[in-house]
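Notes for the structure review
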Amino acid sequence: MTVSAELDRRFRDAAVTAGLLDVGFDVVESPVGPLLMAATSRGLCRISFDPDPERHLDRLAREFGPRVLRSSATVDAAHRQLDEYFAGSRRGFELDVDLGVAPPFAQRVLDELAHVPFGETTTYGTLASRVGAPRAARAVGTVMNRNPLPIVLPCHRVIGSNGSLTGYGGGLHVKEHLLRLEGVLM
Amino acid sequence: MEAVAATPAIPPFERFYLEQRDVVFGFLQRRLGANRVEDAFQETFLRALRAYPRLEHGEHLRAWVLTIAARLVIDTGRRAPPLAAELPELPVEDGRPAYAQLEHLAEALPPTERAAVVLRYGYDLHYDDIATALGSSPDAARQAASSGIRRLRARKEIA
């Protein structure tokens, strides 16, 4: 005896409506491959290029609470904005975010990162200076590397001081795709 | 019979739900019939979600969620008579159903025995269902229930 897809969805929707989740997540399609997206009641808390939920459940539970459940309703708004971004009709995101227990330095860097506009790039060193730690370019790199909300917090707009793309969590081809989409790369 | 390893951590709810949903659905369908299983299924897991933050460990989660389901079956039976499925006759004393008293009495038992005793004598589940709840065989469930009862008798907590 197995649960029908419809009953399964009914329960998941009811759980969201009742406000019983610590975190809701879903896997969505995008031009750069499937993405796992997760949100708490405070805002979007995760975007990952690794779409296998099993590799995220424990960490999400540890960071935000054990009531983690797959439910498209929790990430619908963010998903819609991402679609618009990829379709070229959106240049900025209007989303609440939940950075959880990010350390203060990472918080500051990610706050500053959010201000790098569509279609522009900056460098690790510049970002480090902007948060008042001009010698911390490498530490800024580490924060970019662990960015919990790539695309929305645009770490793809941060490049090396010599103009090289350096690295990207989703792979360099994704970084190139995003920068091409924004008209930075031809 | 009890595991001596460290108590398992509470899994993220998604994993718990995926592991238990078919068992809970089957149990509710047997008890309530096809017409009432869906609402009961949803309500069981909503109750489990509400209670989840208060769990202290991840042991016997199947027995735990089936206990919630069994309680719901009894609540449902109080509100409306069952259609085709039979419900257990529970003796009621002082307006409190037997399972409530039994759960209190059985609190001091080791977890497996407690679950077996409460599910058998409080909820009148068959040993097949209890075995499912405990993840063991019907024989092991029967043994756990009877050694629990023996232990309670030895403590003169039940006649």
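Just above sits the structure.
In this report, we go over the structure that sits alongside the text. (Residues numbered from 1 in each chain as written. Chains lettered and ligands numbered in written order. Predicted model: local features only at pLDDT ≥ 70, side-chain atom pairs only at ≥ 80, totals over all residues. Heavy atoms only, no water.)

1. Here's the deal with the overall build of chain B
Put simply, the rule is: For the purposes of this entry, the term helix denotes a DSSP run of H or I that reaches at least four residues, the term strand denotes a run of E that reaches at least two, and both are numbered from the N terminus. Buried means the residue's accessible area, taken with a 1.4 Å probe over protein chains only, is under 20% of the maximum for its type, while exposed means over 50%, and partly exposed covers the values in between. Whether two residues are in contact is decided by their heavy atoms, any of which lying within 4.5 Å being enough.
In terms of regular secondary structure, chain B is built from seven helices and two strands. When its helices and strands are written in sequence order, chain B yields α-α-α-β-β-α-α-α-α. Taking all 159 residues of chain B together, 48% fall into the buried category. In chain B, the share of contacts with a sequence separation of at least 24, taken over all contacts with a separation of at least 6, comes to 66%.

2. Structural notes on the packing of helix 5 (residues 111-122) of chain B against helix 7 (residues 138-154) of chain B
Residue and element names in this part refer to chain B. Short version of the rule: Only the stretch in contact is used when a helix axis is fitted, and all axes are lines through C-alpha atoms; the angle between N-to-C directions ranges over 0 to 180 degrees. The cut-offs work like this: below 35 degrees is roughly parallel, past 145 is roughly antiparallel, 65 to 115 is roughly perpendicular, and the gaps in between are oblique. Residue polarity follows a fixed list, in which Ala, Val, Leu, Ile, Met, Phe, Trp, Tyr, Cys and Pro are nonpolar, Asp, Glu, Lys and Arg are charged, and the others, Gly among them, are polar.
Contact geometry for helix 5 and helix 7: axes closest at 8 Å, N-to-C directions at 95°. Regarding the angle of helix 5 to helix 7, the classification is roughly perpendicular. Residues Thr-112, Glu-113, Ala-116, Val-117, Arg-120 and Tyr-121 of helix 5 form the contact with helix 7, whose own contacting residues are Ala-141, Ala-144, Ala-145, Ser-147, Gly-148, Ile-149, Arg-151 and Leu-152. Across the contact of helix 5 with helix 7, the residue classes tally to eight nonpolar, three polar and three charged.

3. Some points on helix 6 (residues 127-134) of chain B
Residue and element names in this part refer to chain B. Buried residues dominate helix 6, accounting for six of its eight residues. Within the sequence span of helix 6, burial applies to Tyr-127, Asp-129, Ile-130, Ala-131, Ala-133 and Leu-134. Remark: Gly-135 follows helix 6 within two positions and exhibits a positive phi of approximately 65°.

4. Notes on the side chain of Asp-26 of chain A
Residue and element names in this part refer to chain A. Quick reminder of the rule: Residues adjacent in sequence count toward polar contacts only when both atoms are side-chain atoms; beyond that, a polar contact is any pair of N or O atoms within 3.5 Å, and within protein one must be able to donate a hydrogen and the other to accept it.
Along the chain, Asp-26 falls in strand 1 (residues 23-28). The buried category is assigned to Asp-26, whose relative accessible area is 14%. At a separation of 3.0 Å, a polar atom in the side chain of Asp-26 contacts the side chain of Arg-70. Ignoring anything within four residues of it in the chain, the contact list for Asp-26 reads Leu-35, Leu-36, Met-37, Arg-70, Ser-71, Ser-72 and Val-75.

5. Quick look at the interface of chain B and chain A
Test applied: By convention, the term buried area covers the 1.4 Å-probe accessible surface removed from two parts as they join, with the contributions of both added. Put simply, a salt bridge is a Lys or Arg side-chain nitrogen that is within 4 Å of an Asp or Glu carboxyl oxygen.
The interface of chain B with chain A comprises 23 residues on the first partner and 23 residues on the second. Here chain B meets chain A over a buried area of about 2,200 Å², counting both sides, of which 64% is carbon and sulfur. Of all residues in chain B, the largest losses of buried area upon contact with chain A belong to Glu-14, Arg-15 and Leu-49 of chain B, amounting jointly to 26% of the total for that side. Our enumeration of links across chain B and chain A arrives at six salt bridges. The interface formed by chain B and chain A contains 13 residue pairs in polar contact (both at pLDDT 80 or more). Residue assignment for the side of chain B that touches chain A shows that the elements contributing at least two residues are helix 1 (13-32) and helix 2 (37-51) of chain B. The element best represented in the side of chain B that touches chain A is helix 1 of chain B, accounting for eleven residues. Residues that form the side of chain B that touches chain A fall into these classes: twelve nonpolar, three polar and eight charged.

6. Section: the pattern of salt bridges
Residues and elements named next belong to chain A. Applying the stated rule across the entire model yields 22 salt bridges over all chains. Glu-63 is the partner of Arg-59 in a salt bridge, and the nearest nitrogen-oxygen pair spans 3.2 Å. On the criterion of helical spacing, the pair formed by Arg-59 and Glu-63 is a turn pair, its members being four residues apart in helix 2 (residues 54-64). We classify Glu-63 as partly exposed; its relative accessible area is 24%.

Just geometry here; none of it tells us what the structure is for.
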